[in-house]
Amino acid sequence: MLKARQVVLGKTTQVARVLPDRQIRMIGAWCFLDHYGPEDVSQSVGMQVWAHPHTGLQTVTWLIAGEVEHRDSLGSVARVRPGELNIMTAGRGIAHSEISPEDKPAQMHGLQLWVALPEGSREMDPAFEVYDSLPSVAMPGVSGQVLAGTIAGVTAPTRTYTPLAAADLQLDKEIRTTISVDASFEYGVFVVAGSVQVESETVELDQLLYLGRGRSSVTVSTVGGARLMILGGLPFEEEIVMWWNFIGRSHDEVVGYRAEWEERVRLRGLGAARFPAVIGDDEPVMEAPAMPTIKLKSRTRRQES
Ligand code: MN
């Protein structure tokens, strides 16, 4: 069982971060999971994640309530809204900001996940896509949407670069149900609201139960009702180096990404090939933290014992 830790994202937003975890670093290529809210942002500025870079990954944003404005160095300007899956593929490099608009709804609630790109795709061109009509799951007492791959026999059209699956499911009170999954994938169940029983384990809010591989279904039950995210994927066997907003394959590669971002900050977006300006020179940017004094080690999906 993995328990989220509380982290401040950007300037203002408290998030529960459950991946990466010391023991379980990834589920398939899913390598990062933040859950924020529900939070009343009617009296505050809301989310203030200033322009920052990414490499070697995709960000997957799924809002349950509220609105966030996404801007990126491709020129994308998008209102992220509930029920629309926003996927930003960093590939070799992108910069973006995520800011609550002034006319934001009072409630903000959502998830952001990252997907590690495999060797053959990590230097690809950056891209930004919105999937606004994902397929629904409708079973007695269960409703929700499949965000990627196939869960409960329902397949999402989402393009991924490794075999993945994800679904956001709401369970009514007093429900016990069996959800079919792919036995070749490893899975985890993350609780977004309420609590669920997964086989013999109780999973509470902001906890993630790692289920491993080899099962063709997952049986979940709840007394008081629950909302959960099922995440799965083919185990990601490449060793990666994940630091700040970057995924690379070596310490030196990450040092290079950081140096290119610092150069872009210094030059206000001019002459920075990997990370061009987000939208204008007046946009506030996040500076990279200092590198740790020890060399970053590449890691597999499981911590070496
Ligand atoms: Mn980001």
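Remember, it's a predicted structure, so these values are computed and weren't measured experimentally.

Further remarks concern the pairing of strand 10 (residues 94-99). In terms of burial, strand 10 is largely enclosed, as five of its six residues are buried. The pairing of strand 5 (residues 48-54) with strand 10 spans five bridges and is antiparallel. Note that in strand 10 the partner of Gln 48 across the bridge is Ile 99. Two elements, strand 7 (residues 68-72) and strand 10, share four bridges in a ladder whose sense is antiparallel. Its bridge partner lying in strand 10, Arg 71 is registered against Ser 97.

Within the fold, Val 218 resides in strand 23 (residues 217-222). By relative accessible area, Val 218 is classed as buried at 1%. Spatially, the C-alpha atoms of Val 218 and Phe 236 are 21 Å apart, while their sequence positions differ by 18 residues. Residues within four places of Val 218 in sequence aside, it is in contact with Thr 177, Thr 178, Ile 179, Val 181, Val 198, Glu 199 and Leu 211.

Strand order in the open sheet formed by seven strands is 1-22-19-24-17-14-13, and the pairing between neighbours is antiparallel. Edge positions in the open sheet fall to strand 1 (2-3) and strand 13 (136-139), since each of these has one partner strand only. Where strand 17 (residues 164-171) and strand 24 (residues 226-233) come together, eight bridges link them in antiparallel fashion. From the neighbouring strand, Leu 164 faces strand 24, where its bridge partner is Gly 233.

Let us look at the coordination of the manganese ion. Note on the manganese ion: its protein donors are His 52 (NE2), His 54 (NE2) and His 96 (NE2). The metal-donor distances range over 2.1 Å. All donors of the manganese ion come from a single chain, and their spacing in sequence reads H-x1-H-x41-H. Remark: His 96 occurs in strand 10 and His 54 occurs in strand 5; sequence separation between them is 42 residues. Pair check on accessibility: His 54 and His 96 agree, each one buried.

Alignment of strand 2 (residues 5-9) against strand 3 (residues 13-19), held across five bridges, turns out to be antiparallel. Looking at strand 3, one finds that Val 8 is bridged to Gln 14. In sequence, strand 2 turns back onto strand 3 through a hairpin of three residues, with Gly 10 there showing a positive phi of about 65°.

Pairing in this open sheet of seven strands is antiparallel, and the strands run 2-3-4-11-6-9-12 from one edge to the other. Strands with a single pairing partner mark the edges of an open sheet, and in this sheet they are strand 2 and strand 12 (127-131). Taking the axes of each pair of neighbouring strands and ignoring which way they run, one obtains an average angle of 25° across the sheet. Examined bridge by bridge, strand 3 and strand 4 (residues 30-40) share four bridges and lie antiparallel to one another. Across the sheet, Leu 19 pairs through a bridge with Leu 33, a residue of strand 4.

We now examine the side chain of Glu 67. Secondary-structure assignment places Glu 67 in the loop between strand 6 (57-65) and strand 7. For Glu 67, the side chain forms a polar contact with the side chain of Arg 79, separated by 2.7 Å. Among the polar contacts made by the side chain of Glu 67, one reaches the side chain of Arg 81 at a distance of 3.4 Å. In contact with Glu 67, not counting residues within four places along its chain, are Arg 79, Val 80, Arg 81, Ser 100, Pro 101 and Pro 105.

Before going further, it helps to spend a moment on unusual backbone geometry. Look at the link from Leu 19 to Pro 20: it is a cis peptide, with omega at -5°. Among the secondary structure elements, Pro 20 is positioned in the loop between strand 3 and strand 4. The omega angle of the peptide bond from Gly 37 to Pro 38 is 0°, so this bond is cis rather than trans. Among the structural elements, Pro 38 can be located in strand 4. Located in the positive-phi region is Asp 206, a residue other than glycine, with phi close to 65°.

Reading the values: rules and limits
Each chain carries its own residue numbering, running from 1 in the written order of its sequence. With the structure being a predicted model, the display of local features is reserved for residues of pLDDT at least 70 and the display and counting of side-chain atom pairs for 80 or more, all residues being used for whole-chain, interface and lining totals. Values reported for side chains reflect all heavy atoms of the structure, with hydrogen atoms and water molecules removed beforehand. Only protein chains enter the accessibility calculation, which uses a 1.4 Å probe. A residue is then buried if its area is under 20% of the maximum for its type, exposed if over 50%, and partly exposed in between. Think of it this way: any DSSP run of H or I at least four residues long counts as a helix, any run of E at least two long counts as a strand, and we number them from the N terminus. A pair of strands is labelled paired if DSSP reports no fewer than 2 bridges between them. Contacts were defined at the residue level, with two residues in contact if any of their heavy atoms lie within 4.5 Å. A 2.8 Å cut-off from the metal defines N, O and S donors, relaxed to 3.2 Å for Na, K and Ca; water is not in the atom list, so some sites may appear incomplete. Lines fitted to the C-alpha atoms define the axes, with helices restricted to the stretch that makes contact. Angles between their N-to-C directions range from 0 to 180 degrees. Counting of polar contacts relies on pairs of N or O atoms within 3.5 Å, with two restrictions inside protein: one atom must be capable of donating a hydrogen and the other of accepting it, and residues adjacent in sequence are counted only when both atoms are side-chain atoms.

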